[in-house]
Amino acid sequence: MISLKIGSAWLAASTLAIAVAASAPACATTLYSQGFETDTSGWNSPTRVASGTDGITAASGGYYAQATTDYTTWGTYNNSTGGSPGAFQPYTTSIKIYLDVAAGAANDTRFDFSSAISHPDGSFLRDFIFNVGFYNDGTGPGAGSDRFIVSASNNSSPGSAFPKNPDKSPIAIETTGWYTFEHVFIDNGGQLEVDMNILDSSNALVASWILGGDAIGEVGGNRYGWFDTNQFSYLAIDDASLTAPTAATPLPATLPLLAGGLTAMGFLRRRKKTA
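Our subject in this report is the structure included herewith. (Residues numbered from 1 in each chain as written. Predicted model: local features only at pLDDT ≥ 70, side-chain atom pairs only at ≥ 80, totals over all residues. Heavy atoms only, no water.)

1. Brief notes about the overall build of the chain
Part 1: Looking only at helices and strands, the chain has 0 helices and 19 strands in total.
Part 2: Within the chain, the proportion of its 275 residues that are buried is 42%.
Part 3: Considering only intrachain contacts with a sequence separation of at least 6, the fraction spanning at least 24 residues in the chain is 66%.
Part 4: Of the roughly 13,300 Å² of accessible surface on the chain, 51% is carried by carbon and sulfur atoms. (Helix = DSSP H or I, 4+ residues; strand = E, 2+ residues; numbered from the N terminus. Buried < 20%, exposed > 50% of the residue type's maximum accessible area, 1.4 Å probe, protein only. Contact = heavy atoms within 4.5 Å. Areas by Shrake-Rupley, 256 points an atom, 1.4 Å probe, with all protein chains shown as cover.)

Here is the structure:
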């Protein structure tokens, strides 16, 4: 017999009963993944190169790609809604980009990376753009150092956006390495929310911005990922993916309830887990 100890008292499992609805933590299903190990499928059209080319070790595996103003369809448009236009379903796009602060770029050399989304009928809705620039001047975040400055907006450089824009919470990255640029598309109370995150090579969060606001009924599936502005000779990229939450696995419908009316929910703690 299984027993539960509370203080100095032991209660037998036979004295406990409760019916609750519960779900296990959700994991992610990969709908598209491209590490450039064998080809560049899903992209138009970066150059695949061996790890170590130009002194850059691939983020994973033996190859990475060199991009200019290239783009991906994340496998296909509307991959997040089953490959056809349809109502919004949550999803995440992700790509690793190598930022080299010692590359000797000119001050205010820029690139943008957008992950765009469609209306439910498949027509274009909106871009969500990381605005990035290299700087070695004395203004803005990290002033006086060689660094990349990043902010997030719905517009492109150079005419409609500016990485240092103080209204867009710019941050400085002063360490060379691979960085994950992630867009997390969710339904927040009936409105689209896009969490735009940057993570370092150890998967620690460097910075995050929240954009969105469109009524969720006006939102459909994924569109492109696109370096729509790039003033560098190329950008090293790796490990592009589109994932969607896996449906939660139901837990058993019956959980213990303490005699005397105390529910097991008072003693069980839910642990947040990623997978």
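2. Things to note about the packing of aromatic side chains
Both the distance between ring centres and the angle between the ring planes are used here to describe each pair of aromatic rings.
Part 1: Scanning all chains against the criterion turns up 17 aromatic pairs.
Part 2: Arranged with centres 5.6 Å apart and planes meeting at 70 degrees, the rings of F134 and F148 form a pair that is edge-to-face. Of this pair, F134 sits in strand β11 (residues 124-135) while F148 sits in strand β12 (residues 147-153), and the two are 14 residues apart along the sequence. Accessibility classification places F134 together with F148 in one group, the buried group.
Part 3: Ring geometry for Y224 versus W226: centroids 5.5 Å apart, planes at 85 degrees, classification edge-to-face.
Part 4: Overall, the relative accessible area of 31% leaves W226 in the partly exposed class.
Part 5: Through a chain of ring-to-ring contacts, three or more aromatic side chains come together here, namely F36, W43, W74, F111, F113, F130, F134, F148, F181, W209, F227 and F232. (Phe/Tyr/Trp six-rings, centres within 6.5 Å; stacked < 30°, edge-to-face > 60°.)

3. Quick look at the pattern of salt bridges
Part 1: Applying the stated criterion to the full structure yields 5 salt bridges.
Part 2: When the shortest N-O distance is used, the salt bridge between D108 and R110 registers 2.9 Å.
Part 3: The class for D108 is partly exposed, based on a relative accessible area of 27%.
Part 4: On the accessibility criterion, R110 (8% relative accessible area) is buried.
Part 5: Sharing partners across several salt bridges, the network here consists of D137, R147 and K164. (Salt bridge = Lys/Arg side-chain N within 4 Å of Asp/Glu carboxyl O.)

4. With respect to the sheet that holds strand β5 (residues 43-44)
Part 1: The strand order β5-β8-β17-β10-β11-β12-β13 describes an open sheet built from 7 strands, whose pairing is antiparallel. At either margin of the open sheet sits one strand with a lone partner, and together these are β5 and β13 (171-173).
Part 2: Pairing analysis gives 2 bridges linking strand β8 (residues 71-72) to strand β17 (residues 222-230), with the strands arranged antiparallel. Bridging from a neighbouring strand, Y71 pairs with W226 of β17. (Pairing = 2+ DSSP bridges.)

5. Considerations on the pairing of strand β7 (residues 63-67)
Part 1: Burial analysis of β7 places 4 of its 5 residues in the buried class, which makes it a mostly covered element.
Part 2: By the bridge criterion, 3 bridges tie β7 to strand β18 (residues 235-245) in an arrangement that is antiparallel. Directly across from A67, in β18, lies its bridge partner L235.

6. Notes on unusual backbone geometry
Part 1: Of note, the amide linkage connecting N44 to S45 takes the cis form, showing an omega dihedral of -20 degrees.
Part 2: Following the sequence through the fold, S45 ends up in the loop between β5 and β6 (47-50).
Part 3: Omega for the peptide link from S157 to P158 comes to -5 degrees, which places this bond in the cis form.
Part 4: Mapped onto the elements of the fold, P158 is located in the loop between β12 and β13.
Part 5: Of note in the backbone geometry, N78 takes a positive phi value of approximately 65 degrees without being a glycine.
Part 6: Within the secondary structure, N78 sits in the loop between β8 and β9 (91-99).

All we've got here are geometric facts, nothing functional implied.
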